[in-house]
Structures are given as structure tokens and as C-alpha cells.
Amino acid sequence: MSELAIYGSSTREVAEKESKYIVFKVGREIYGIDVSYVDTIIQMPMITKVPAAPGYFKGIINLRGEIIPIMSLSQRLNSTEDVISQKSSIIVLDLGDGKMMGVTIDDVKEVMTLADSEIEEPSPFLKKETSFIKGVAKKDENLISIIETSALANREIA
């Protein structure tokens, strides 16, 4: 009887790791970002352009006295122009070490909990060094591309 009790308690310790993701749309695609990186989500403010910046770098904003660089996820991931609507917003990411970055998105959908086993490798044809996508989750009929926030940030903010 005691062996069964020990066996039962050890299986609970092997619980699957789950994480929460902000799920949103950029164009027709659905993406997710781990909420542990999200500082805040704001409605689309006035963005100040920065001369000679790459096309996907939209500019900067002043958020609570802090200057935040803003990147267009649409242009960075899909190479398409942004279409600003009433649902457009900016997800402000906390990258650690005092670094913040905002990314423009088309529409926030929901906060979703996903187990690690629900996220698959994106494709054998994508090189991890050149892709911002760390995996793909399947929920209902949708595919959700999970963004590797640290890779995105490491390439954008020195």
C-alpha cells in the first residue's frame, strides 16, 4: 500500500509545464507572446519617426516618462504595410536589463494557457537563427505562431 502512495505522489511531480500567452492578430496570421515579457498593452498612440531607421522600425513613444522604441511586427514578420484600425495597439515588452520595446499589432484576441506539449517546432525548413518563431500551437482550427521574444529583441536593441 505504501508503494502505491509513493508512486501516486511522484507522478504529480511530473506535471507538464504550462505558460500563458497573449494571442493577437497581425494581418491574417495569429501570433502569441509569453505574458512574462508583456509590460502593458496600449491603444495606438502618436509615434515619433526616427530618421534613417529601418522600415520596420516605426519610431519612438513616450510612455510614463520613458522613451520606448516601436517596431512593426507586420513589416518585420510579413514584409507588409501596417493597416492601422481602431483595434490596432502596441504590446510593450519588458526585455529585462531595463530594456523596453513596443510592437504594433492589429488586434488582441485573448490570453491563452498552453502546455509545452501543445507547441510544436515550426518547420524543418526554418533556421532557428533566422526565425522569430519558436513554435506553433494548434487550438481549434487555428495555428498560433509563438514568437521568440528574446530573439526578436536581441536583433533589434543592442
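Here the structure is shown first, and the text comes after it.
These numbers come from a predicted model, not from an experiment.

## Digging into the sheet that holds strand β9 (residues 119-120)
Move 1: What the six strands build is an open sheet, ordered β8-β1-β2-β11-β10-β9; its pairing is mixed. Of all strands in the sheet, those with a lone pairing partner are β8 (107-115) and β9, marking the two edges.
Move 2: Here strand β1 (residues 18-26) pairs with β8 via eight bridges, running antiparallel. Residue pairing for β8: Tyr-21 is matched across the bridge by Met-112.

## A look at the pattern of salt bridges
Move 1: Enumeration according to the criterion identifies five salt bridges in this entry.
Move 2: A salt bridge links Arg-64 to Asp-39, with the nearest nitrogen and oxygen atoms 2.8 Å apart. With Arg-64 in the loop between β4 (57-63) and β5 (66-72) and Asp-39 in strand β3 (residues 38-43), this residue pair connects regions lying 25 residues apart in the sequence.
Move 3: Here Asp-39 falls in the partly exposed class, since its relative accessible area comes to 35%.
Move 4: As a salt-bridge pair, Glu-120 and Lys-138 come within 3.2 Å of each other at their nearest N and O atoms. With a gap of 18 residues between them, Glu-120 in strand β9 and Lys-138 in strand β10 (residues 133-139) connect regions that are remote in the sequence.
Move 5: Taking the relative accessible area as the measure of exposure, Glu-120 reaches 40% and is therefore partly exposed.

## Side note on the pairing of β10
For a regular strand, the rule is simple: side chains alternate between the two faces of the sheet.
Move 1: The pairing of β9 with β10 spans two bridges and is antiparallel. Looking across to β10, one finds that Ile-119 is bridged to Ala-137.
Move 2: Alignment of β10 against strand β11 (residues 142-147), held across six bridges, turns out to be antiparallel. For Gly-135, the partnering residue across the bridge sits in β11 and is Ile-146.

## Points about unusual backbone geometry
Move 1: Unusually for a residue other than glycine, Ala-52 sits at a positive phi of about 60°.
Move 2: Mapping Ala-52 onto the fold places it in the loop between β3 and β4.
Move 3: Overall, the relative accessible area of 86% leaves Ala-52 in the exposed class.
Move 4: Unlike most non-glycine residues, Asp-140 shows phi in positive territory, near 55°.
Move 5: Here Asp-140 shows up in the loop between β10 and β11.
Move 6: Overall, the relative accessible area of 76% leaves Asp-140 in the exposed class.

## Section: the pairing of strand β2 (residues 29-34)
Move 1: The element β2 is largely enclosed, with a buried count of five among its six residues.
Move 2: Both β1 and β2 contribute to a ladder of six bridges, which runs antiparallel. Counted as the bridge partner of Phe-24 is Tyr-31 from β2.
Move 3: From the end of β1 to the start of β2, which pair antiparallel, there are two residues, and Gly-27 there has a positive phi angle of about 65°.
Move 4: Bridge count for β2 against β11 is three bridges, and the pairing is parallel.

Procedures and definitions
- Residues numbered from 1 in each chain as written.
- Predicted model: local features only at pLDDT ≥ 70, side-chain atom pairs only at ≥ 80, totals over all residues.
- Heavy atoms only, no water.
- Pairing = 2+ DSSP bridges.
- Helix = DSSP H or I, 4+ residues; strand = E, 2+ residues; numbered from the N terminus.
- Salt bridge = Lys/Arg side-chain N within 4 Å of Asp/Glu carboxyl O.
- Buried < 20%, exposed > 50% of the residue type's maximum accessible area, 1.4 Å probe, protein only.

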